[in-house]
Amino acid sequence: MDVVILVVALLFVAFVALGVFVSVKAVRAAKRGVDRTISQARRTVEDTTLRARSIGQTGAAGELAQLRLRLRTSMRATQDALQAGAAEDASLAESVQLFQRLSAHGLELDDELRQLERDPDRARVTERLQDVRERTERVTHAADSLRWAARDRAQKFAEDDLSSLSAQIDMEAGALRHWSPAEGRPEGRPEGQPEREPTVWPEPEGSGAGAAGAEHAGPAGGDQGRPEAIEPPDPRRQQTYPWQKAPGKTRPETTT
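Analysis parameters
- Residues numbered from 1 in each chain as written.
- Predicted model: local features only at pLDDT ≥ 70, side-chain atom pairs only at ≥ 80, totals over all residues.
- Heavy atoms only, no water.
- Helix = DSSP H or I, 4+ residues; strand = E, 2+ residues; numbered from the N terminus.
- Buried < 20%, exposed > 50% of the residue type's maximum accessible area, 1.4 Å probe, protein only.
- Contact = heavy atoms within 4.5 Å.
- Areas by Shrake-Rupley, 256 points an atom, 1.4 Å probe, with all protein chains shown as cover.
- Salt bridge = Lys/Arg side-chain N within 4 Å of Asp/Glu carboxyl O.
- Expected span 1.5 Å × (residues − 1).
- Core = buried A, V, L, I, M, F, W, Y, C linked by side-chain atoms within 4.5 Å.
- Axes fitted to C-alpha atoms, helices over the stretch in contact; angles between N-to-C directions.
- Parallel < 35°, antiparallel > 145°, perpendicular 65-115°, else oblique.
- Left-handed = near helix turned anticlockwise from the far one by under 90°.
- Patch = residues over 30% accessible without salt bridge, like charges linked within 9 Å, V, L, I, M, F, W, Y side chains within 5 Å.
- Phe/Tyr/Trp six-rings, centres within 6.5 Å; stacked < 30°, edge-to-face > 60°.
- Lys NZ or Arg CZ within 6 Å of the ring centre and 35° of its normal.
- Lys, Arg positive; Asp, Glu negative; His and termini not counted.
- Charge placed at Lys NZ, Arg CZ, Asp CG, Glu CD.
- Nonpolar A, V, L, I, M, F, W, Y, C, P; charged D, E, K, R; others polar.
- pLDDT = per-residue confidence, 0-100.

Would you mind going over the overall build of the protein with me for this structure?
Within the protein one finds five helices and zero strands. Ordered by position in the sequence, the α and β elements of the protein form the string α-α-α-α-α. Across the 256 residues in the protein, those meeting the buried criterion constitute 16%. Pairs at least 24 residues apart make up 66% of the contacts formed inside the protein by residues separated by at least 6 positions. A total of about 21500 Å² of accessible surface is found on the protein, and carbon and sulfur atoms cover 57% of it.

Mind showing me how you'd approach the pattern of salt bridges here?
Pairing between side chains of opposite charge can happen when the charged atoms of each approach one another. Under the counting rule described, the total for this entry stands at 14 salt bridges. Put simply, D144 and R147 hold a salt bridge, and the shortest N to O gap is 2.7 Å. Taken as a pair, D144 and R147 lie in helix α4 (residues 122-177) at a separation of three residues, close to a single helical turn. Among the charged side chains, a salt-bridge network with shared partners connects R68, R72, D110, D111, R114 and E117.

Help me understand helix α3 (residues 93-118), please; the structure alone is not making it clear to me.
A turn of α-helix holds 3.6 residues, and therefore any two residues three or four places apart point the same way. In a regular helix each residue adds 1.5 Å, so 26 residues correspond to 38 Å; α3 covers 38 Å between its end C-alpha atoms and thus fits that length. Among the residues of α3, those classed as buried are S95, F99, L102, S103, G106, L109, D110, E112, L113, L116 and E117.

What exactly am I supposed to notice about the nonpolar core here?
Considering soluble globular proteins, one finds that nonpolar side chains tend to be buried as a cluster. The biggest cluster of nonpolar side chains holds 19 residues, and the ones touching the most others in it are L64, M75, L109, L113, L129, V132 and V139. Only α2 (59-86), α3 and α4 provide two or more residues apiece to this core. Of all the elements, α4 adds the most residues to this core, at seven residues.

I would appreciate a short explanation of the packing of α2 against α3 in the present structure.
How two helices sit against one another is set out by the angle between their axes and by the gap between those axes. Here α2 crosses α3 at 160 degrees, and the two axes come no closer than 10 Å. Of the possible angle classes, the one that applies to α2 and α3 is roughly antiparallel. In the packing of α2 onto α3, the handedness of the crossing is left-handed. Side by side, α2 and α3 meet where L64, A65, L67, R68, L71, R72, M75, T78, Q79, L82 and A86 of the first sit next to S95, V96, F99, L102, S103, G106, L109, D110, L113, R114, L116 and E117 of the second.

I'm lost on the environment of S74 in this one. Help?
Within the secondary structure, S74 is located in helix α2. Given the relative accessible area of 7%, S74 is considered buried. In this structure the C-alpha to C-alpha distance between S74 and A142, which are 68 residues apart in sequence, comes to 9.6 Å. Among all residues touching S74, those that are not within four sequence positions of it are T140, A143, D144 and R147.

Would you take a moment to explain a nonpolar patch on the surface for this structure?
Judged by side-chain polarity, V3, V7, L11, F15, L18, F21 and V22 come together as a nonpolar surface patch covering roughly 720 Å² of accessible area. Tracing the chain through its elements places V7 in helix α1 (residues 2-56). Here V7 falls in the partly exposed class, since its relative accessible area comes to 42%.

Teacher, can you tell me more about the packing of aromatic side chains here?
For any pair of aromatic rings, geometry is given as the distance between the ring centres together with the angle between the planes. Following the criterion strictly, the structure yields zero aromatic pairs and no others. Over the ring of W148 we find R151, and its NZ or CZ is 5.1 Å from the ring centre.

Can you walk me through a positive patch on the surface in this structure?
On the surface, K25, R28, R32 and R36 cluster together into a patch of positive charge. With respect to the helices and strands, the residue R32 is situated in helix α1.

Just to check I follow, could you spell out the packing of α2 against α4 for this structure?
Contact geometry for α2 and α4: axes closest at 9 Å, N-to-C directions at 20 degrees. Accordingly, the angle class assigned to the pair α2 and α4 is roughly parallel. Along this stretch, α2 crosses α4, giving a crossing that reads as left-handed. Across the contact of α2 with α4, the residue classes break down as 16 nonpolar, four polar and eight charged.

Teacher, can you tell me more about the confidence of the model for the protein here?
Should the pLDDT be low somewhere, the predicted coordinates at that spot are not to be read in detail. Summing up the model confidence of the protein, the mean pLDDT is 76 and the portion of residues at 70 or higher is 68%. Highest mean pLDDT in the protein belongs to α3 (90); lowest belongs to helix α5 (residues 209-215) (49). pLDDT under 50 marks residues 209-214. Its contacts with residues more than four places away, or in other chains, come to two contacts. With pLDDT under 50 throughout, residues 216-222 is counted as low confidence; its partners more than four residues away or in other chains account for zero contacts.

Encoded structure:
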């Protein structure tokens, strides 16, 4: 009895632990999904705000908005291209590591541009504008170089694969059009297919060769082709039954 209680208690504890583990995993997954959604929403709002500022504002504020928008767009496009390419091409792993190092400089530059947007000292902002413009140009140029190099590599592989496939298809098409018979093989029959025997249809009875042979049999054949005559049954050999009258003993019928 104590063993049964111990087993039940262990099962209960195991089920409780499993439930807690599943609940924690589900909460963490939901939290990650919410964080991802919030990040995407915040990024969309910031990009829309930057576009509006780059169009509606002039001077240093408008140029800072343009620099931030250009930096964020270039870095995001490069990140998406490298992540998509690294899943199929393992040689892009080093490029991904270089982009991670570049992303640290990009985030630092984006934070500096954000601070300059909020700085009330317009003269100070104008002095710093040339420096941040050059840094933005260097970071975006490096990101664009990585992105276009990865795309060119993927395009080159695709072209090589397409060229090889086209050559194989042309070779197969030429082989299919080469319908001349091989040596020792009759024309019109594919190689490897067994030769079929000629089909002979049965002739009807009494016609054809059989009838011709019967007509040309002649006297040497004798009565071989004639049907035998049916002989009448011998009365002495016929089987008699008890209820039959013997022949010759039938009494004539008298009339009175």
